[in-house]
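Here is what each chain is made of, one letter per residue.
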Amino acid sequence: MKIFNMPKAEPKSIQELMQRAEALAGLTLGEVAEVAGVRVPVNFKREKGWTGQLIELCLGASAGSKTQQDFAKLGVELKTIPIDNIGKPLETTYVCYAPLTDIAGIEWQTSSVKNKIQQVLWMPIDGRREIAPKDRCIATPLLWSPSTAQENQLRTDWEELMEMIALGQIESITARHGQYLQLRPKAANGNVLTEAIGNSGQVIHTRPRGFYLRKEFTGKILSTFFNHGEL
DNA sequence: GAGTGATCATAA
DNA sequence: TTATGATCACTC
């Protein structure tokens, strides 16, 4: 007796995707992993992206690293998000790599950030560290698209950060910049370098960066959804 | 305790 | 090497 079915192909509609996602709600990662036939890590010190990959597998997303959305055909990006006992995010949310060169002419409307957050299927999952991964429960999924106000907030931060990058100020950007969208290192380790623009317009080498959504931003998305727009 | 900067596994 | 999936863990 299976508690849910492993998909054999990508969902053909958003309705089908949501049905698959909702079928996982209430289950633990251990239960889901058993059906999927994968082992559950004792902790995430090594396999940090394990949860996301498991959910991708169970929703029928094609694996692999693509610049596109997880369900490009449906225009939906999948994100698992660790929450505490009252539904607040425990971690920031990675969005995408930040372009550090050839950025002349890049605009918000065609940016990777805008493309990724256009429509997101959030899968909140209990992420409290005192609970073993196999016992962590999947909460109710929600399909979200940014409101005009939310998009403007992110656009403002994105434009500020991109301008600094364009002006060769990448080395002076810290995670404190940006109200809702921040820029942080994103690499295997601190030795990884990539090209960027220096303060005199020359090519320099710096750690790769990624855009992340602050917990305050994602927290509002979740609370708005679960409180029917209030609070 | 929160948040920033660092890190881990895997794919193509 | 760059990108995906993220969480860890040290510092304040």
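This section reports on the structure supplied with the text.

Rules behind the numbers
- Residues numbered from 1 in each chain as written.
- Chains lettered and ligands numbered in written order.
- Predicted model: local features only at pLDDT ≥ 70, side-chain atom pairs only at ≥ 80, totals over all residues.
- Heavy atoms only, no water.
- Phe/Tyr/Trp six-rings, centres within 6.5 Å; stacked < 30°, edge-to-face > 60°.
- Helix = DSSP H or I, 4+ residues; strand = E, 2+ residues; numbered from the N terminus.
- Buried < 20%, exposed > 50% of the residue type's maximum accessible area, 1.4 Å probe, protein only.
- Contact = heavy atoms within 4.5 Å.
- Pairing = 2+ DSSP bridges.
- Axes fitted to C-alpha atoms, helices over the stretch in contact; angles between N-to-C directions.
- Polar contact = N/O pair within 3.5 Å; in protein donor to acceptor, adjacent residues only side chain to side chain.
- Near = heavy atom within 4 Å.
- Nonpolar A, V, L, I, M, F, W, Y, C, P; charged D, E, K, R; others polar.
- Salt bridge = Lys/Arg side-chain N within 4 Å of Asp/Glu carboxyl O.

The next thing to look at is the packing of aromatic side chains. By the definition in use, this model includes 7 aromatic pairs. Each ring, one from tryptophan 108 and one from tryptophan 158, has its centre 5.7 Å from the other, and the planes form 65°; the classification is edge-to-face. Of this pair, tryptophan 108 sits in the loop between β2 (93-97) and α4 (112-117) while tryptophan 158 sits in helix α5 (residues 148-166), and the two are 50 residues apart along the sequence. For the pair tryptophan 108 and tryptophan 158, one class covers both residues: buried.

Below, the discussion takes up helix α3 (residues 50-59). A large share of α3 lies buried, amounting to 7 of its 10 residues. Along α3, the residues that are buried comprise Trp50, Thr51, Leu54, Ile55, Glu56, Cys58 and Leu59. Contacts from the buried residues of α3 go to α1 (14-24), α2 (29-36), β1 (77-83) and β3 (120-126). Immediately downstream of α3, the backbone of glycine 60 shows phi near 85°, a positive value.

Right, let's talk about the sheet that holds strand β8 (residues 209-213) for a bit. Pairing in this open sheet of 3 strands is antiparallel, and the strands run β2-β8-β5 from one edge to the other. Two strands close off the open sheet at either side, each with one partner strand: β2 and β5 (181-185). Strand-to-strand, the axes of this sheet are offset by a mean angle of 35°, without reference to chain direction. As paired elements, β2 and β8 share 4 bridges and run antiparallel to each other.

Turning to the environment of tyrosine 180, a few remarks are in order. Among the secondary structure elements, tyrosine 180 is positioned in the loop between α5 and β5. By relative accessible area, tyrosine 180 is classed as buried at 5%. Between the C-alpha atom of tyrosine 180 and that of arginine 155, which follows or precedes it by 25 residues, the distance is 9.7 Å. Beyond its immediate stretch of four places on either side in the chain, tyrosine 180 contacts Gln153, Leu154, Asp157, Tyr212, Leu213, Arg214, Glu216, Phe217 and Lys220. Within polar-contact distance, the side chain of tyrosine 180 engages the side chain of glutamine 179 at 3.5 Å.

Looking now at the sheet that holds β3. Pairing in this open sheet of 3 strands is mixed, and the strands run β1-β3-β4 from one edge to the other. Looking at strand neighbours, the two that pair on one side only are β1 and β4 (142-144), the edges of this open sheet. Ignoring which end each strand starts from, the neighbouring axes of this sheet average 30° apart. Bridge count between β1 and β3: 7 bridges; the pairing is parallel. Pairing of leucine 78 across the sheet is with leucine 121, part of β3. The sheet contacts of α1 involve β3 and β4, and relative to β3 the element is tilted by about 0°.

Attention now goes to the protein's contact with DNA strand C. Around DNA strand C lies a shell of 25 residues, among which Lys66, Thr80, Tyr94, Tyr97 and Lys186 are the nearest. Restricting the count to atoms of DNA strand C within 4 Å of the protein gives a sugar and phosphate share of 60%. In this structure, a phosphate oxygen belonging to DNA strand C sits 2.9 Å away from a side-chain N or O atom of lysine 116. Counting only elements with at least two residues in the surface near DNA strand C, the list comes to α3, β1 and β2. Broken down by element, the residue count for the surface near DNA strand C peaks at 4 residues, all from β1. Broken down by class, the residue content of the surface near DNA strand C amounts to 6 nonpolar, 7 polar and 12 charged.

All right, on to the protein's contact with DNA strand B then. Inspection of the region around DNA strand B gives 19 residues, with Arg46, Lys48, Ala175, Ala187 and Arg207 positioned closest. Close to the protein, within 4 Å, the atoms of DNA strand B belong to sugar or phosphate groups at a rate of 57%. Within the side chain of glutamine 182, an N or O atom sits 3.3 Å from a phosphate oxygen of DNA strand B. If you tally residues by element for the surface near DNA strand B, the top one is β5, at 3 residues. Its residues assigned to classes, the surface near DNA strand B comprises 4 nonpolar, 6 polar and 9 charged.

Taken as a whole and judged by the stated rule, the model has 9 salt bridges. A salt bridge links glutamate 216 to lysine 220, with the shortest nitrogen-to-oxygen separation between them at 3.6 Å. Taken together, the positions of glutamate 216 and lysine 220, both in helix α6 (residues 215-226) and 4 residues apart, correspond to about one turn of that helix. We classify glutamate 216 as partly exposed; its relative accessible area is 46%.

By themselves these figures say nothing about function.
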